[in-house]
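Each chain, written out:
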Amino acid sequence: MSSEYDFHCHSTASDGQLSPTDVVLRAHKNGVSCISLTDHDTTAGLNEAQICANNVGIRMVAGIEISANWSHQCFHIVGLGIDPDNADLSQGIKRTETLREQRAESIGLRLEKKGIPGCYKAAKKIAGSGMITRTHFAKHLVNDNYANTMQQAFDRYLVRGKPGFVATQWPQMEEVVSWICAAGGIAVLAHPRRYKITATRLRQLLTEYKDHGGTAIEVVCGSSNNNDIQESAKLAQRFDLLGSVGSDFHSPDNKWIELGRLQPFPDGIEPVWNVI
Ligand code: AMP
Ligand code: MN
Ligand code: MN
Ligand code: MN
């Protein structure tokens, strides 16, 4: 149940609870020897994570998780082994940052209209200097007793069809993949089993993803069961994609998801760590 590789996790640079340093220390403690910090639409935590990884003697692969649109739906593309200073990537994520900022203001206004004032300011405060996400709104809604749990805050206020949901035109998937490739990285479709999408549409997505330079897919996630892993592995084989592994760790409060705690990597798939 443990893996020396973990290529998907979050810090306070986006919606994680631990600083980049504490993420790396925790991963090291859990036996991870090669980690990628993949914050939402930002590379701001990578320097700090790298310094800590050097100190404890583990490998850090520069990463990011970028929000992308395909067919009016949001998908997450992880970039591994990126050059954070690449101009295409930096300009791209700057655009996404602006979208996140505008969306956060809209979420605040919508919740205000529903009689819940002050959410934008409060979420901004929780996010601090990090990239603002719905998680910060959910935290505030729990703190102020509008919901008992994060899950409930999402389900009641923040998902499609609920008062605080704002449909966002993220950059197109092909653009996002092109930024990652321009930055010398490998594009990985994150948590393929978590999208509300039919098998046929997912195959269409993967066909286009591959055409645009996508090279990998997560086959083992922190939340995967055996069936998820088998199905993801089938997709990797069918589309000739490399397989990645990542817990998607956000917080020690979630007892189910832990850095480096991952099911075994399936046979017959080429792992991303062969090429990064
Ligand atoms: P955003 O990228 O700002 O839309 O926020 C998405 C983040 O919210 C994801 O990366 C998860 O960390 C978190 N999230 C999304 N859906 C849920 C949910 N139903 N329950 C708890 N956290 C969620
Ligand atoms: Mn997140
Ligand atoms: Mn994600
Ligand atoms: Mn993630």
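Residues numbered from 1 in each chain as written. Chains lettered and ligands numbered in written order. Predicted model: local features only at pLDDT ≥ 70, side-chain atom pairs only at ≥ 80, totals over all residues. Heavy atoms only, no water.

Here we look at the domain arrangement of the chain
- According to the domain assignment, the chain contains domain 1 (5-90 + 170-274) and domain 2 (93-158).
- Contacts between the two partners involve 18 residues from domain 1 and, on the opposite side, 14 residues from domain 2.
- In this assembly, domain 1 packs against domain 2 so that about 1,300 Å² is buried in total across both faces, 56% of it on carbon and sulfur atoms.
- Three residues stand out in domain 1 for area buried against domain 2, namely D15, D41 and W170, and they jointly supply 40% of the buried area on that side.
- Where domain 1 touches domain 2, the interface holds two salt bridges.
- The residue R95 makes a salt bridge to E175 at a minimum N-O spacing of 2.9 Å.
- Counting the contacts that link domain 1 with domain 2 gives nine residue pairs in polar contact (both at pLDDT 80 or more).
- The set of elements that each furnish at least two residues to the side of domain 1 that touches domain 2 consists of β3 (59-70), α3 (87-113) and α7 (173-182).
- Counting residues per element, the side of domain 1 that touches domain 2 draws most heavily on β3, which supplies three residues. (Domains from an automatic or database assignment. Contact = heavy atoms within 4.5 Å. Buried area = accessible area lost by both parts, 1.4 Å probe. Salt bridge = Lys/Arg side-chain N within 4 Å of Asp/Glu carboxyl O. Polar contact = N/O pair within 3.5 Å; in protein donor to acceptor, adjacent residues only side chain to side chain. Helix = DSSP H or I, 4+ residues; strand = E, 2+ residues; numbered from the N terminus.)

Focus: the site of ligand 1
- Around ligand 1 sit D15, H40, R100, R103, T133, R134, T135, Q151, F154 and H250, and that is every residue in its neighbourhood.
- Separating an oxygen atom of ligand 1 from a side-chain N or O atom of R100 is a distance of 2.8 Å.
- Contacts to ligand 1 include H250, whose side-chain N or O atom sits 2.9 Å from an oxygen atom.
- If ligand 1 stood free it would expose 500 Å²; the protein chains cover 76% of that surface.
- At the level of secondary structure, the elements contributing two or more residues to the shell around ligand 1 comprise α3, α5 (134-143) and α6 (150-158).
- Here the residues of the shell around ligand 1 sort into one nonpolar, five polar and four charged. (Near = heavy atom within 4 Å. Areas by Shrake-Rupley, 256 points an atom, 1.4 Å probe, with all protein chains shown as cover. Nonpolar A, V, L, I, M, F, W, Y, C, P; charged D, E, K, R; others polar.)

As for the coordination of the manganese ion (ligand 3)
- With distances of 2.1 to 2.2 Å, the protein atoms coordinating the manganese ion (ligand 3) are E65 (OE), H76 (ND1) and H191 (NE2).
- Binding-site remark: the manganese ion (ligand 3) is held by donors from one chain whose sequence spacing is E-x10-H-x114-H.
- Here the manganese ion (ligand 3) and the manganese ion (ligand 2) are spaced 5.7 Å apart. Here H191 lies in the loop between β5 (186-189) and α8 (199-211) and E65 lies in strand β3, a separation of 126 residues in the sequence. Both residues of the pair, E65 and H191, belong to the buried class. (Donors = N, O, S within 2.8 Å, 3.2 Å for Na, K, Ca; no water. Buried < 20%, exposed > 50% of the residue type's maximum accessible area, 1.4 Å probe, protein only.)

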